[in-house]
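Each chain, letter by letter, is given below.
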Amino acid sequence: MRFIETKDYEEMSLIAANLIGAQVLLKPSSVLGLATGSSPIGTYQELIRNYQRGILDFSDIHTVNLDEYCGLAGDHPQSYRYFMNQTLFSHINIKLENTFVPNGAAEDFDKECSRYDALVKSFGGVDLQLLGIGHNGHIAFNEPDDHFPAQVHRVKLTESTIHANARLFDNVEEVPTTALTMGIGTIMRAKRIVLVAGAEKKEIVCRAMEGKISPDVPASVLQLHPDVTVVISKS
Ligand code: F6R
């Protein structure tokens, strides 16, 4: 595992974007695993800048997102599909049909989990997976548990995650209580992983990356992955 400590959020974003940019340059048909939330926004802005400069071409890139809230359709402003369209996809030359997010408005969530799992597998694995980390050590929406879930599944969000994410909704009651998420097995099959974390995540990053490997701290499983880069900001 590599740790890159940066002076601030901007530098963290620049470095993460450079790692993703290198992946896109070396393999223009890469499958990128993407995350939502506050941590990767700066990374996406840097990728957009490098696209606008003519350095990056996303026309052959496919993307698979980690997760989506149950009950929110892709045109809902708080859905992760909407976030991805607004924050990244509409600013670069990726083909929208090559971008995938679990369908939070599916009628049958079990079927949607199987469909999404098969879809990710059909790509032969993700080349580079971008991750954030929750204050409780979650990655994607794999919350602390007594086991590491293998596949795409539906989860009940913890109170702490609901409260952390309420900042993006009008009030806490509007935050969906369940979500569809890639499993730990799905994430661990990615060839490379880049995790971005702001300074406020320092304590949980240390616990996850240096403490005991346990599903109590889902991100701790990353210690077993052969190619993880943690980019963490000092301020
Ligand atoms: C989002 C996701 C989550 C976030 C995590 C941190 O797709 O997978 O695991 O990465 O909740 O969120 P922020 O970056 O908002 O602190």
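The shown structure was predicted, so the numbers you read here are calculated from the model rather than taken from an experiment. (Residues numbered from 1 in each chain as written. Predicted model: local features only at pLDDT ≥ 70, side-chain atom pairs only at ≥ 80, totals over all residues. Heavy atoms only, no water.)

Visitor: Tell me about the overall build of the chain, and name the residues and values.
Guide: Scanning the chain from N- to C-terminus turns up seven helices and 10 strands. Its C-alpha atoms give the chain a radius of gyration of 16 Å, near enough to 18 Å, the size a compact globule of 235 residues would have. Across its three principal directions, the C-alpha atoms of the chain cover 40 × 40 × 35 Å. Classification of the 235 residues of the chain by burial places 55% in the buried group. The long-range fraction of contacts in the chain, counting pairs at least 24 apart against all pairs at least 6 apart in sequence, stands at 79%. If you sum the accessible surface of the chain, you get close to 10400 Å²; carbon and sulfur atoms cover 52% of it. Of the side chains in the chain, 21 bear a positive and 29 a negative charge, and the two mean positions are spaced by 6 Å. (Helix = DSSP H or I, 4+ residues; strand = E, 2+ residues; numbered from the N terminus. Rg over C-alpha atoms; globule rule 2.2 N^0.38 Å. Buried < 20%, exposed > 50% of the residue type's maximum accessible area, 1.4 Å probe, protein only. Contact = heavy atoms within 4.5 Å. Areas by Shrake-Rupley, 256 points an atom, 1.4 Å probe, with all protein chains shown as cover. Lys, Arg positive; Asp, Glu negative; His and termini not counted. Charge placed at Lys NZ, Arg CZ, Asp CG, Glu CD.)

Visitor: With reference to specific residues and values, describe unusual backbone geometry.
Guide: The phi angle at alanine 140 is positive, at roughly 50°, despite the residue not being glycine. Here alanine 140 shows up in the loop between β6 (128–131) and β7 (153–156). Residue class for alanine 140 comes out buried when judged on its relative accessible area of 8%.

Visitor: Please provide a residue-by-residue account of the sheet that holds strand β4 (residues 67–69), values included.
Guide: Overall, antiparallel pairing links the three strands, which are arranged β4-β8-β7 in an open sheet. One side of each edge strand has no neighbouring strand; the edge strands of this open sheet are β4 and β7. Each strand of the sheet is rotated relative to its neighbour by a mean of 25°, with strand direction disregarded. (Pairing = 2+ DSSP bridges. Axes fitted to C-alpha atoms, helices over the stretch in contact; angles between N-to-C directions.)

Visitor: Which residues make up the packing of helix α2 (residues 41–52) against helix α3 (residues 80–87), and what values do they have?
Guide: The interhelical angle for the contact between α2 and α3, taken along N-to-C directions, is 40°, at an axis separation of 10 Å. The segment α2 lies against α3, with Ile41, Tyr44 and Ile48 engaging Phe83, Met84 and Thr87. Residue composition of the contact of α2 with α3, by class: five nonpolar, one polar and no charged. (Nonpolar A, V, L, I, M, F, W, Y, C, P; charged D, E, K, R; others polar.)

Visitor: Provide a residue-level description of the sheet that holds strand β2 (residues 31–34), including the pertinent values.
Guide: The pairing of strands in a sheet comes from backbone hydrogen bonds and takes either a parallel or an antiparallel form. Here we have seven strands laid out as an open sheet, ordered β1-β10-β9-β6-β2-β3-β5, and parallel in their pairing. Both outer strands of the open sheet, β1 (2–6) and β5 (99–100), are each paired with one neighbouring strand and no more. By the bridge criterion, four bridges tie β6 to strand β9 (residues 192–197) in an arrangement that is parallel. The residue of β9 that forms the bridge with leucine 131 is leucine 195. Its contacts with the sheet place helix α4 (residues 109–122) against β3 (62–65) and β5, and it is angled at close to 145° to β3.

Visitor: Please provide a residue-by-residue account of the pattern of salt bridges, values included.
Guide: Across all of its chains, the model carries eight salt bridges by this definition. For the salt bridge of arginine 49 with glutamate 46, the shortest nitrogen-to-oxygen distance reads 2.7 Å. Here the residue arginine 49 and the residue glutamate 46 both occupy positions in helix α2, the gap between them amounting to three residues, near one helical turn. The exposure class of arginine 49 is partly exposed, given its relative accessible area of 36%. One salt bridge connects aspartate 227 with arginine 192, and the closest N-O pair in it is separated by 3.8 Å. With aspartate 227 in the loop between α7 (202–210) and β10 (228–233) and arginine 192 in strand β9, this pair connects stretches of sequence that are 35 residues apart. Ionic contacts of the salt-bridge type, sharing partners, join the residues Arg2, Arg192 and Asp227 into one network. (Salt bridge = Lys/Arg side-chain N within 4 Å of Asp/Glu carboxyl O.)

Visitor: For the side chain of threonine 229, give the residues involved together with the corresponding values.
Guide: Among the secondary structure elements, threonine 229 is positioned in strand β10. Owing to a relative accessible area of 3%, threonine 229 belongs among the buried residues under this scheme. When near neighbours in sequence (up to four residues on either side) are disregarded, threonine 229 contacts Arg2, Ile4, Leu19, Ile193, Val194 and Leu195.

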